[in-house]
Amino acid sequence: MVRELTVQAYALGDGGGEVQAGLEEWRDQGKVSRLWQGDASLWTGADEGRWLGWLHAVDGRRHDLENLQRLVGDVRQAGIKQVLLLGMGGSSLCPDLISETFGPASGFPRLLVLDSTVPAQVKDFERQIDLKDTLFIVSSKSGGTTETQVLKQYFFAHAEKLFGKDRAGSRFIAITDPGTKLHEQATSGRFRHIVHGEPDIGGRYSALSNFGMAPAAIMGVDVPDFLDRAEIMVRSCASFVPPHANPAAVLGMILGVLGRRSVDKVTFVTSPGIAALAYWLEQLVAESTGKQGKGLIPVAGEEVGAPEVYGTDRLFVYLRLNSKPAAGQDRAVAALEKAGHPVVRICLEEAMDLGQEFFRWEMATAVAGSVLAINPFDQPDVEASKVATRKLAVAYEQTGKLPEEFPLASEDDVSVLADTQNAAVVGPARAKGLEAVLAAHLNRIRPGDYFAVNAYAAMSPANRKELQAIRHAVRDAKRVATTLGFGPRFLHSTGQLHKGGPNSGVFLQITSEDAEDLPIPGQEYTFGMLKRFQAQGDFEVLAERGRRLLRVHLGTDVPAGLRRLGALVRSALR
């Protein structure tokens, strides 16, 4: 089979000249070569050179194929029928993309990915598996990720009941960097395997490392072929390739230059067969660029609309799977380009070409970070929410009480809450009811803003349908970009952008009561309480950062509450 470089083309309008000038500068100053050499002065002169191991990840995995093959052989010999990966952010999004795109190969186990502390979500995954033939992959680069740790505790306790304390570890694999807390736990717990990450590769850049390739191999993806295809992109972006001919340098320059021109809403249109790619890209772009008041706002999962529903701040990126294209998307993107919107087109012949996109976008994001003069490898604002969450958890453990809350307005099972600063803006409308408060909040949206729905709810089809309807109603009425994140998952994706990026977001946080809660072994609090601490901690930090923010709290019937909220939002937009 002939393997070829995935095709990239673009139409940028007025921004094209500045992009070409930027590429000329990169050529004159040898910046592609300097990037490969780890020259931190391309960015902020900090520790960027320490985080470039992803440039060599393909070679690293090809030299480690024997170990991967032994891992796969052992899992198959054990008669495992399903694998449940427990992880967050960079440890979960690539495996989830691989699982959604390929499904299990014949004779291999299916791969499920759980990246939520919402009790309903945890329980749903528990129902989908049979413990006696399930293998758990606990995946965390740092080894101490709170969500991953509590999920491990929950399912390990179940395994101990079924297999006994001496044998429970044989149903677990750890993927983590050497010497982490998880590494120590896996050793003492006698996990079946410990697969090491590489300390010089950050989580969101780890798709082509063991964090992505080990789960892919276990579910039957032909990893040698996958890596061979990825190598085509690596060679095409090598240090000696001129910037104009370097796919990643060109794409990164487009992202950076248009971002500086306030065309910063990078809107992904993906063929249905690779739809989950948008969410992997969302984390990579948001967490890498959203800091120091700057950032690109990735828009994933938004249905493509007619040209007139968009403002002038959009860059559309069409990732087309040539083997399974969607004619409606072809027509819609053509209409956007004809209307003058900047468009980048990337064509994958087959889904196995995803490895090329992993490398293209990792390097392009690094280039864009240089253009934006930020460090694309750190996440300085993520810790703020973690600190706030820990503070709330400790307070509960000490007092046994949850903080009392006072809604601005309530109707049936829908309440709205705000911090002092935001309440001063929207609070006066509460005399007219819940819809008026929502209208006051939505009326703060201005051209160039984005509207972010952050829902701490199960990622069920019913919930997603209602939340998508809300975001599209706002997009069409306000002509602004919209994002949808499920908590706490989005905290490890777009959370950095929300807190550290430009103050152009208008946020609607959605929380709910839990119809059923679940205990966390070894903890004083439950999954439902942890979810509440995480939502409240993130809310507090967003408020401290002066974000335009409103919280909606629903009862135990979340789909019904979302339908009611959707009706209120649509009415408020009229």
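Everything that follows concerns the structure shown earlier in this document.
A description of the overall build of the chain should follow, citing residues and the corresponding values.
Tallying secondary structure elements over the chain gives 21 helices and 16 strands in all. The C-alpha radius of gyration computed for the chain amounts to 23 Å, which stays within 12% of the reference 25 Å derived for 574 residues, consistent with globular compactness. The C-alpha extent of the chain, read off along each of the three principal axes, is 65 × 65 × 45 Å. Counting across all 574 residues of the chain, residues that qualify as buried make up 62%. In the chain, the share of contacts with a sequence separation of at least 24, taken over all contacts with a separation of at least 6, comes to 79%. If you sum the accessible surface of the chain, you get close to 21300 Å²; carbon and sulfur atoms cover 49% of it. Across the chain, 64 positive and 68 negative side-chain charges occur, with their mean positions spaced 2 Å apart.

I'd love a proper account of the pattern of salt bridges, names of residues and values included.
Taken as a whole and judged by the stated rule, the model has 42 salt bridges. The partner of R489 in a salt bridge is D115, with the nearest N and O atoms 3.1 Å apart. Of this pair, R489 sits in the loop between β14 (481–486) and α19 (495–500) while D115 sits in the loop between β3 (110–114) and α6 (119–128), and the two are 374 residues apart along the sequence. Classification of R489 by relative accessible area gives buried; the value is 17%. Put simply, D264 and K265 hold a salt bridge, and the shortest N to O gap is 2.7 Å. Each member of the pair D264 and K265 is classed as buried.

Can you explain the nonpolar core? Please cite residues and give values.
As a rule of thumb, nonpolar side chains are buried together in soluble globular proteins. Counting residues in hydrophobic clusters, the biggest one holds 97 residues, and the most contacted among them are W54, L208, W280, F358, F359 and W361. The dominant element in this core, judged by the number of residues it contributes, is helix α14 (residues 354–372), at 11 residues. In contact with F359, other than residues within four places in its own chain, are W36, W54, L55, L208, M233, V234 and C237. Core analysis: the second largest hydrophobic core is formed by 39 residues, L408, A436, L442 and L508 among them.

Hey, could you go over the sheet that holds β3 for me, with residue numbers and the actual values?
The 5 strands lie next to each other as β3-β2-β4-β5-β6, forming an open sheet whose pairing is parallel. Each edge of the open sheet carries a strand with a single partner, namely β3 and β6 (193–196). Neighbour-to-neighbour, the strand axes of this sheet turn through a mean angle of 20 degrees, independent of strand direction. As paired elements, strand β2 (residues 82–86) and strand β4 (residues 134–139) share 5 bridges and run parallel to each other. What sits directly across from Q82, in β4, is T134. Across the sheet, α6 touches β2 and β3, and the angle it forms with β3 is around 165 degrees. On the sheet, helix α9 (residues 210–218) packs against β2, β3, β4, β5 (172–176) and β6 and is oriented at approximately 150 degrees with respect to β5.

Explain the side chain of T270 residue by residue, including any values.
Take T270: it is sitting in strand β7 (residues 265–270). When near neighbours in sequence (up to four residues on either side) are disregarded, T270 contacts A275, A278, L319 and Q329.

So what's going on with the pairing of β6? Residues and values would help.
Here β5 runs beside β6; their pairing, made up of 4 bridges, is parallel. Note that in β6 the partner of I175 across the bridge is V195. Note that the unit made of β5, helix α8 (residues 181–188) and β6 has a crossover that is right-handed.

How would you sum up the packing of aromatic side chains? Please name residues and give values.
Under the criterion given, the structure shown has 21 aromatic pairs. When the centroid spacing of 5.4 Å and the interplanar angle of 35 degrees are considered together, the rings of F172 and F191 count as tilted. Here F172, found in strand β5, pairs with F191, found in the loop between α8 and β6; they are 19 residues apart in sequence, far enough to count as distant. Residues Y396 and F533 carry aromatic rings whose centres are separated by 6.1 Å and whose planes lie at 50 degrees to one another, so their mutual orientation is tilted. You can see Y396 sitting in helix α15 (residues 382–399) and its partner F533 sitting in helix α20 (residues 527–544), a full 137 residues away along the chain. We classify Y396 as buried; its relative accessible area is 14%. Members of the aromatic cluster, joined through ring pairs, are F136, Y154, F155, F156, F172, F191 and F527. Over the ring of F108 we find R76, and its NZ or CZ is 4.0 Å from the ring centre.

Before we move on, can you summarise the state of the cysteines with the specific residues and values?
Per the counting criterion, the structure on display carries 0 disulfides. With no disulfide of its own, C237 lies closest to C347 among cysteine sulfurs, the gap being 17 Å. Among the residues examined, C237 registers a relative accessible area of 0% and is labelled buried.

Criteria and thresholds
Residues numbered from 1 in each chain as written. Predicted model: local features only at pLDDT ≥ 70, side-chain atom pairs only at ≥ 80, totals over all residues. Heavy atoms only, no water. Helix = DSSP H or I, 4+ residues; strand = E, 2+ residues; numbered from the N terminus. Rg over C-alpha atoms; globule rule 2.2 N^0.38 Å. Buried < 20%, exposed > 50% of the residue type's maximum accessible area, 1.4 Å probe, protein only. Contact = heavy atoms within 4.5 Å. Areas by Shrake-Rupley, 256 points an atom, 1.4 Å probe, with all protein chains shown as cover. Lys, Arg positive; Asp, Glu negative; His and termini not counted. Charge placed at Lys NZ, Arg CZ, Asp CG, Glu CD. Salt bridge = Lys/Arg side-chain N within 4 Å of Asp/Glu carboxyl O. Core = buried A, V, L, I, M, F, W, Y, C linked by side-chain atoms within 4.5 Å. Pairing = 2+ DSSP bridges. Axes fitted to C-alpha atoms, helices over the stretch in contact; angles between N-to-C directions. Right-handed = clockwise from strand over helix to strand, strands pointing away. Phe/Tyr/Trp six-rings, centres within 6.5 Å; stacked < 30°, edge-to-face > 60°. Lys NZ or Arg CZ within 6 Å of the ring centre and 35° of its normal. Disulfide = S-S within 2.5 Å.

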